[in-house]
Amino acid sequence: MPKSKRNKVVSLTTTRKKGVELKKNIVEEVRKCVEQYTSLYVFSYIDLETNKIHEMREAWPKSRFIFGKNRIIAVALGRTKEDEFKKNLHKFDPLLVGQKGVFFTDEPREKVIEWFNNHEDYEVKIHAVWNNDGKFEKLQKNIS
């Protein structure tokens, strides 16, 4: 016996694709932050809750956090030495995998590392640092 066509579920909503424009905006935003701030940090996080993200942003009001879209962030920074936006930014490409984010700031390195070490309940670890002068430094898994 043939299937009835009456019981077919039809969705009446449509979703819009984010498309190329969103990706271009993210690339522009990341590159603008590289120009604006003196330091860039790559960090990993585990199940970071919304309220903790808000607390982090409140603790660093003059800084910028960017989460997600790791491949797009890698493209903005440069995936190879030939297409990097600034010197040594291509070294972040292999680090931007999984639950990672980037943190742009003008604050001193010691203050940033100390803050992240004192807030272990956030389950956030810094993996690498880049300064505007082109200096790239990969940090240990446990920063202490």
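Everything that follows concerns the structure shown earlier in this document.
Scoring rules and cut-offs
Residues numbered from 1 in each chain as written. Predicted model: local features only at pLDDT ≥ 70, side-chain atom pairs only at ≥ 80, totals over all residues. Heavy atoms only, no water. Helix = DSSP H or I, 4+ residues; strand = E, 2+ residues; numbered from the N terminus. Rg over C-alpha atoms; globule rule 2.2 N^0.38 Å. Buried < 20%, exposed > 50% of the residue type's maximum accessible area, 1.4 Å probe, protein only. Areas by Shrake-Rupley, 256 points an atom, 1.4 Å probe, with all protein chains shown as cover. Lys, Arg positive; Asp, Glu negative; His and termini not counted. Charge placed at Lys NZ, Arg CZ, Asp CG, Glu CD. Polar contact = N/O pair within 3.5 Å; in protein donor to acceptor, adjacent residues only side chain to side chain. Contact = heavy atoms within 4.5 Å. Pairing = 2+ DSSP bridges. Axes fitted to C-alpha atoms, helices over the stretch in contact; angles between N-to-C directions. Expected span 1.5 Å × (residues − 1). Arc of directions from axis to C-beta.

Q: Just to check I follow, could you spell out the overall build of the protein for this structure?
A: Along the backbone of the protein there are 4 helices and 5 strands. Along its sequence from the N terminus, the protein presents helices and strands in the succession α-β-α-β-α-β-α-β-β. For 144 residues, the compact-globule formula gives about 15 Å, and the C-alpha radius of gyration of the protein, at 20 Å, lies well above that figure. By principal-axis analysis of the C-alpha atoms, the protein measures approximately 70 × 40 × 25 Å. Counting only residues that meet the buried cut, the protein has 39% of its 144 residues in that class. Put simply, the protein shows about 9,900 Å² of open surface, and 50% of that area lies on carbon and sulfur atoms. In the protein, which carries 29 positive and 21 negative side-chain charges, the distance between the mean positions of the two groups comes to 12 Å.

Q: Explanation requested: the side chain of Ser-39 in the structure shown.
A: Looking at where Ser-39 falls in the secondary structure, it is placed in strand S1 (residues 39-45). Here the side chain of Ser-39 touches Asn-131 through a polar contact of 3.1 Å, side chain to side chain. What Ser-39 contacts, discounting residues up to four positions off in sequence, is Phe-103, Phe-104, Thr-105, Glu-107, Trp-130 and Asn-131.

Q: Would you explain the sheet that holds strand S4 (residues 124-131) in this entry?
A: One key point about sheets: their strands pair by backbone hydrogen bonds, in either a parallel or an antiparallel sense. The strand order across the open sheet formed by 5 strands is S2-S3-S1-S4-S5, and the pairing between neighbours is antiparallel. Since the sheet does not close on itself, it has two edges, and those belong to strand S2 (64-67) and strand S5 (136-138), each with one partner. Each strand of the sheet is rotated relative to its neighbour by a mean of 20°, with strand direction disregarded. The pairing of S2 with strand S3 (residues 100-105) spans 4 bridges and is classified as antiparallel. Within S3, the position partnered with Arg-64 by the bridge is Phe-104.

Q: Explanation requested: the pairing of S3 in the structure shown.
A: On any regular strand, side chains alternate: one points to one face of the sheet, the next to the other face. Counting buried residues in S3 gives 6 out of 6 residues, a clear majority hidden from the surface. Burial along S3 is two-sided: the residues Lys-100, Val-102 and Phe-104 and Gly-101, Phe-103 and Thr-105 are all buried. The pairing of S1 with S3 spans 6 bridges and is antiparallel. The residue of S3 that forms the bridge with Val-42 is Val-102.

Q: In this structure, what is going on with helix H1 (residues 19-36)? I would like to understand it.
A: Because each turn of an α-helix spans 3.6 residues, side chains separated by three or four positions in sequence point in the same direction. Along its 18 residues, H1 runs 26 Å from first to last C-alpha, staying within 8% of the 26 Å computed at 1.5 Å per residue. For H1, the set of buried residues is Ile-26, Val-27, Val-30, Cys-33 and Val-34. Buried residues of H1 fall within an arc of 125° about the axis and therefore sit on the same side. Looking at H1, the residues exposed on the side facing more than 90 degrees away from the buried face are Val-20, Glu-21 and Glu-28. For H1, the elements touching its buried residues are S2, helix H3 (70-77), S3 and S4.

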